[in-house]
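Letter by letter, the chains look like this.
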Amino acid sequence: MQRMINMAPGRSLNLMLALLPFALLLLLYIVASDARLAENANDKLLPSFAQMGDAVQRMAFEPSKRTGEYLLWVDTASSLTRLGLGVLIAAVLGLLIGMLTGALPMIGAGVSPLLTVISLVPPLALLPVLFIVFGLGELSKVVLIAVGITPFIARDIQRRTEEIPAEQLVKAQTLGANTMQILIRVVLPQLLPKLIDAVRLSLGAGWLFLIAAEAIASTDGLGYRIFLVRRYLSMDVILPYVAWITLLAFLLDIALAWLSRRLFPWNTQGGR
Amino acid sequence: MPPMIQAKNLWKTYGENVVLEGLNVTVEEGEFITMVGTSGCGKSTFLNMLLGTQSCSKGELLLDGQPIPAEPGPDRGIVFQQYSVFPHMTVLENVMAAKAFARKGLTGYLFGSARREAKEEATAILNQVGLSHALNKYPHELSGGMKQRLAIAQALLGKPRILLLDEPFGALDPGIRADMHELVLNLWREHKLTVFMVTHDLKEGFYLGTRLWVFDKLRQDPQAPGAYGASITYDLAVGQMGKKIYEEIDDNLRPVVEVV
């Protein structure tokens, strides 16, 4: 008998094992949903797939009776705009702060302790402050996302900057490079793939802040919608929306991974 | 004319630990010096002082009669054992970067005619070190020997007067090492460099270059290994040394190596 630690699945078995939990969950849901609906046809807690299909049809492909908009797409567009802007601002700020504090000890000495303290402030606790300062409009939601993930990105990039072998910085100096040239040609390009990694890791937090902000003060957005229909126990809308958000998050993640491989071929397997 | 490099009663200490003590030595332009010694005997420390990344605790280290600058500069090129090349640039870009860094400017990028000239020059030197077939490869696609060839080409295009080599061939196979020796000797003659090379391999020191330094401790205190520092115990002209002295140095270095 081979040891468990040495047993690995083949290709097809691997695929089967990967799909199995999904299939089991799906089956469990269908059985449970059927059982509840058989008991009470008006049950709202575990809607059937047909009911959810109707809800998706209503939200995505029929204009809203009140506004005439196709709600799912409007919600998706405004949520992605907020998330995109917030993450973009956080990435730019995080890259600059992280690179400068990591590469220049004089700046690091002044900024690093402050950055550590700021990163410990729970961003959601600042949400009321943001609403007071920036109002209830788009700005406060974008700022929440940016405030929430900038410290994480900045600290990650700072660490990555410090990981660049000192030999490279010395080498550049022996070739006559000044500080600015070293930052732009040696440090920055090596940080860009790390920045994409950091953004991928912080997207989960980004979604969290987005949905929280939308739930509290908004008139559209994916988070707004699921919190709105919660009042009517509309699980047939909430569950497809959650699945849609998950799919968007997944697609964003693989798009970033693809972009990183595409733009930085030197950073793949065996790099460094 | 003062000698190119002059060390006057040079000491290096880290707190209680003495690494180098009372080093007195002069080097003329065009010499090729190999430095051997056990681990922790200060040969790399001395190289780093020449490079400008470490400073001496006592005494003086002079370049052309002036104290050596406290940071690395274009007059002193370096090849490390690893991490010497930029992983995000192709072979050609790595060498062209040397040209770009040599010019004043904010970005370190080259444009227009300067770029074309740099490309020609870089291609020529890559040809000389035998990398003309790999211009568009990234460093992670190169073998260890090719990476070191690239690092040497890069350092040479910076037009240094002094070339510092910190165990550059330590990680290479013996066959490839021999090729690299030949390459370094040829480049040294052609570019009229002054070379300092740290190596673990005594044989390398015995036929490469013009002068061999052995770093070792003159005094030992078994109760306090850090109390005394190392100095240059042998300073020999290469080519005038017999088998006897090789064995003598080899014996001196070996017991300590085995303990480590």
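As the structure is a prediction and not an experimental result, all values here were calculated from the model.

### Let's talk about the overall build of chain A
Here is step 1 of the chain: From N to C terminus, chain A includes ten helices and zero strands.
Here is step 2 of the chain: Counting from the amino terminus, helix and strand elements in chain A follow one another as α-α-α-α-α-α-α-α-α-α.
Here is step 3 of the chain: In terms of C-alpha radius of gyration, chain A reaches 24 Å, well past the compact-globule figure of 19 Å for 272 residues.
Here is step 4 of the chain: In terms of overall dimensions, chain A has a C-alpha envelope of 80 × 65 × 30 Å along the principal axes.

### Quick word on the domain arrangement of chain A
Here is step 1 of the chain: According to the domain assignment, chain A contains domain 1 (10-40) and domain 2 (61-267).
Here is step 2 of the chain: Just the C-alpha atoms count here: the centres of domain 1 of chain A and domain 2 of chain A sit 34 Å apart.

### Side note on the interface of chain B and chain A
Here is step 1 of the chain: Contacts between chain B and chain A engage 37 residues on the former and 25 residues on the latter.
Here is step 2 of the chain: Taken together, the two surfaces of chain B and chain A that pack against each other cover about 2,700 Å², and 66% of this comes from carbon and sulfur.
Here is step 3 of the chain: At the boundary of chain B and chain A, one finds zero salt bridges.
Here is step 4 of the chain: Joining chain B to chain A, the criterion identifies nine residue pairs in polar contact (both at pLDDT 80 or more).
Here is step 5 of the chain: At the level of secondary structure, the elements contributing two or more residues to the side of chain B that touches chain A comprise β6 (76-79), α2 (91-102) and α4 (144-157) of chain B.
Here is step 6 of the chain: Considering only residue class, the side of chain B that touches chain A consists of 21 nonpolar, twelve polar and four charged.

### Notes on the nonpolar core
Here is step 1 of the chain: By size, the foremost hydrophobic cluster in this structure holds 98 residues, and its most contacted members are W207 of chain A together with F32, V95, F101, L126, L150 and I152 of chain B.
Here is step 2 of the chain: The element that contributes the greatest number of residues to this core is helix α8 (residues 179-216) of chain A, accounting for 15 residues.
Here is step 3 of the chain: Setting aside residues no more than four positions away along its own chain, L150 of chain B makes contact with V85, V91, N94, V95, L126, L131 and L142 of chain B.
Here is step 4 of the chain: The next biggest cluster of nonpolar side chains, apart from the first, holds 31 residues, and it includes A7, L10, L23 and F46 of chain B.

Calculation criteria
Residues numbered from 1 in each chain as written. Chains lettered and ligands numbered in written order. Predicted model: local features only at pLDDT ≥ 70, side-chain atom pairs only at ≥ 80, totals over all residues. Heavy atoms only, no water. Helix = DSSP H or I, 4+ residues; strand = E, 2+ residues; numbered from the N terminus. Rg over C-alpha atoms; globule rule 2.2 N^0.38 Å. Domains from an automatic or database assignment. Contact = heavy atoms within 4.5 Å. Buried area = accessible area lost by both parts, 1.4 Å probe. Salt bridge = Lys/Arg side-chain N within 4 Å of Asp/Glu carboxyl O. Polar contact = N/O pair within 3.5 Å; in protein donor to acceptor, adjacent residues only side chain to side chain. Nonpolar A, V, L, I, M, F, W, Y, C, P; charged D, E, K, R; others polar. Core = buried A, V, L, I, M, F, W, Y, C linked by side-chain atoms within 4.5 Å. Buried < 20%, exposed > 50% of the residue type's maximum accessible area, 1.4 Å probe, protein only.

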